[in-house]
Amino acid sequence: MSRVVTETATESKLKNKEKDIKEATNSKNLDEVLEKVKKVDNTCSFTKCKTCTNDFAIDCKFCSGRFCTSHALPEIHGCGEAVQREEKRKFLHPEPKLTKDKHEKAQTKLNIKLKQMQLERKAKQGGKGKK
Ligand SMILES: [Zn+2]
Ligand SMILES: [Zn+2]
């Protein structure tokens, strides 16, 4: 009779930065507040990780967390599912820009052909006409 708690805890793996910052800003001392906020913002978003991301941080576009190099991979800090969803979405709905480019290319090809045909026709007509 034991339920296995699985992936549902993904979000709690991340630090609640907003809450931390709010708590930090409760202080009356501005310097202290700034220092605290800075601290909150400059550590890896992975809960157990204390790595300072001051020098090098990687922002995750899925959870908007900021991670150190060891936790930057979405699969590692719990965004694996989001990545898979994104890949699937990209696969099912390819970037519209790409298709537009293709379409435009096809259009120019057609235009070139049309122009060629027009020129050919003109040339033919010119040869036929009497002076
Ligand atoms: Zn993430
Ligand atoms: Zn980390």
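Definitions and limits used
- Residues numbered from 1 in each chain as written.
- Chains lettered and ligands numbered in written order.
- Predicted model: local features only at pLDDT ≥ 70, side-chain atom pairs only at ≥ 80, totals over all residues.
- Helix = DSSP H or I, 4+ residues; strand = E, 2+ residues; numbered from the N terminus.
- Buried ≥ 20, exposed ≤ 12 C-beta atoms within 10 Å, placed from the backbone.
- Contact = placed C-beta atoms within 7 Å.
- Core = buried A, V, L, I, M, F, W, Y, C linked by C-beta atoms within 7 Å.
- Expected span 1.5 Å × (residues − 1).

- The chain carries the name AN1-type domain-containing protein in an unreviewed UniProt entry, which gives Brassicogethes aeneus as its organism.

### Regarding the overall build of the chain
At step 1: Across its full length, the chain holds five helices and two strands.
At step 2: Going from the N terminus to the C terminus, the chain shows its helices and strands as α-α-β-β-α-α-α.
At step 3: For the chain, buried positions account for 11% of its 131 residues.
At step 4: Long-range pairs, those at least 24 residues apart, make up 21% of the contacts in the chain between residues at least 6 apart in sequence.

### Examining the environment of Gly80
At step 1: Along the chain, Gly80 falls in helix H4 (residues 80-92).
At step 2: What makes Gly80 partly exposed here is the crowd of 15 C-beta atoms within 10 Å.
At step 3: Separated by 18 residues in sequence, Gly80 and Phe62 place their C-alpha atoms 9.5 Å apart.
At step 4: Ignoring sequence-local partners within four residues, the contact set of Gly80 consists of Pro74 and Glu75.

### Considering the nonpolar core
At step 1: Listed in full, the six residues of the largest apolar core are Cys44, Phe46, Cys60, Phe67, Cys68 and Cys79.
At step 2: Sequence-distant contacts of Cys79, that is, excluding residues within four places in its chain, are made with Cys60, Phe62, Cys63 and Pro74.

### Details of H4
At step 1: Compared with the 18 Å implied by 1.5 Å per residue over 13 residues, the 18 Å span of H4 between its first and last C-alpha is a close match.
At step 2: The buried fraction of H4 is low, at zero of 13 residues.

### A word on the environment of Ser45
At step 1: The topology assignment puts Ser45 in the loop between helix H2 (30-41) and strand S1 (58-59).
At step 2: A tally of 24 C-beta atoms within 10 Å means that Ser45 is categorised as buried.
At step 3: Taking C-alpha positions, Ser45 is 8.6 Å from His77, a pair spaced 32 residues apart along the chain.

### Brief notes about unusual backbone geometry
One can expect most non-glycine residues to show negative phi and most peptide bonds to be in trans.
At step 1: Even without glycine at this site, Ser64 takes up a positive phi of about 50°.
At step 2: Structurally, Ser64 is set in the loop between S1 and strand S2 (66-67).

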